[in-house]
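# Architecture at a glance
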Protein chains: 2
Amino acid sequence: MALGLSYNDFIACCGSKQFAKHMVAEGPFDTYDETAVAANNIWFNKVDVNGWLEAFAAHPQIGQNQPSSHKTSSATSAQWSKGEQSTALATATDSTLQELYEWNSRYREKFGFVFLICASGRTTPEILSELKRRFSNRPIVEFEIAAQEQMKITELRLQKLFSNIEVSASTQVQS
Amino acid sequence: MALGLSYNDFIACCGSKQFAKHMVAEGPFDTYDETAVAANNIWFNKVDVNGWLEAFAAHPQIGQNQPSSHKTSSATSAQWSKGEQSTALATATDSTLQELYEWNSRYREKFGFVFLICASGRTTPEILSELKRRFSNRPIVEFEIAAQEQMKITELRLQKLFSNIEVSASTQVQS
């Protein structure tokens, strides 16, 4: 069964307009796996570096709720960010949050974009340790790592879309 | 003897404001070699990806005279571009120039920035062949290659600045 995911669904998974347009053009997709293969191919081979920066800008800073750019961010994306950071928030103290805030600023100052990590299931100390480790990277190296983290987040979100659709479909069958 | 190269001198070599600011802060430099080491370190380790895009935008498309952004381009840079492309222009025909124009457009469409190559001493057929070969690269791979080409151009231009200063200094000694 081909699932009709929309441009807005894809933008909520990854805030690059190029990404969402390509996904719509290459769809519809029958399974999550098929969708994930297309998403990886599009993200790493077709979306240009401006599109990567656009997607990064749609994310809030870790530990905060506001994305650095509202242009391509969506309400769904903001809601998902909150959920993805729930372990981090549950394990944060005032002092680790303050440290995270300071390192986020240093990171953005050095690299020119927000620190991106697939936060799902990670504690604040783990995230902080990763931020400090990655901070010493060259800008181009860090740019590619951030893009890989973006893809992990995109995959998690595509999975959620598929789960929602399956739940909705099974509800329809039962009713 | 420490040479007083200015912010504008560095911007003419590489149109990234971050690059020029760092060069001024780390100078003055006594020799070309010292300058080139600092320039490489700053360009690859300190200038962020936005700075790379800014420098790329200060270049005209190969075969044309106008840079894609006038913001950081300088008259000196435009003059140097013309000189660097003199072999290419001398070996161009109407049809190779037309082909170059078309491939430049395809390149910019795919990668989101101008095709950058250290054109000095290269013929139009050579440049065209490189453009076609590089076109199949992934965006992130091509981004780093373009940055390496930018550094080659920067080094050539820094050499020119040093030659000019040496000529000027020897003229002063003689007079």
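Heads up: these notes are all about the structure in this document. (Residues numbered from 1 in each chain as written. Chains lettered and ligands numbered in written order. Predicted model: local features only at pLDDT ≥ 70, side-chain atom pairs only at ≥ 80, totals over all residues. Heavy atoms only, no water.)

Residue and element names in this part refer to chain A. Per the stated rule, a full pass over the model turns up 29 aromatic pairs over all chains. A ring pair is formed by Phe 56 and Phe 143, whose centres lie 5.9 Å apart and whose planes are at 80°; its orientation type is edge-to-face. Placement of the pair is Phe 56 in helix 4 (residues 49-57) and Phe 143 in helix 9 (residues 139-174), with a sequence separation of 87 residues. Look at Phe 56 and you get buried, because its relative accessible area is 0%. Judged by its relative accessible area of 0%, Phe 143 falls in the buried class. (Phe/Tyr/Trp six-rings, centres within 6.5 Å; stacked < 30°, edge-to-face > 60°. Helix = DSSP H or I, 4+ residues; strand = E, 2+ residues; numbered from the N terminus. Buried < 20%, exposed > 50% of the residue type's maximum accessible area, 1.4 Å probe, protein only.)

Further remarks concern the interface of chain A and chain B. Taken together, the 18 residues of chain A in the interface contact 18 residues of chain B. In total, chain A and chain B occlude about 1500 Å² of area from one another, counting both sides; carbon and sulfur atoms represent 59% of this. Sorting the residues of chain A by area buried against chain B places A:Val49, A:Arg138 and A:Ile140 first, and these three jointly supply 33% of that buried surface. Linking chain A with chain B are two salt bridges, by the criterion used here. Here A:Arg138 and B:Glu144 are joined by a salt bridge, their closest N and O atoms 3.0 Å apart. There are four residue pairs in polar contact (both at pLDDT 80 or more) connecting chain A and chain B. Those elements that place two or more of their residues in the side of chain A that touches chain B are helix 3 (32-46), helix 4, helix 7 (94-111) and helix 9 of chain A. (Contact = heavy atoms within 4.5 Å. Buried area = accessible area lost by both parts, 1.4 Å probe. Salt bridge = Lys/Arg side-chain N within 4 Å of Asp/Glu carboxyl O. Polar contact = N/O pair within 3.5 Å; in protein donor to acceptor, adjacent residues only side chain to side chain.)

So, on to the relation of the copies chain A and chain B. Each of the two chain copies can be generated from the other by rotation about an axis followed by a shift along it. Of the transformation placing chain A onto chain B, the axial shift is 0.0 Å and the rotation is 180°, giving an RMSD of 0.0 Å. The two molecules are tied by a two-fold rotation axis, judged by turn and shift. (Least-squares fit on C-alpha atoms with pLDDT ≥ 70 in both.)

All names here are of chain A. In this structure, Val 24 sits in helix 2 (residues 17-26). With 20 residues separating them along the chain, Val 24 and Gly 4 place their C-alpha atoms 9.1 Å apart. With residues near it in sequence (within four places) discarded, Val 24 still touches Ser 6, Tyr 7 and Phe 10.

Honestly, it's all geometry; don't read function into it.
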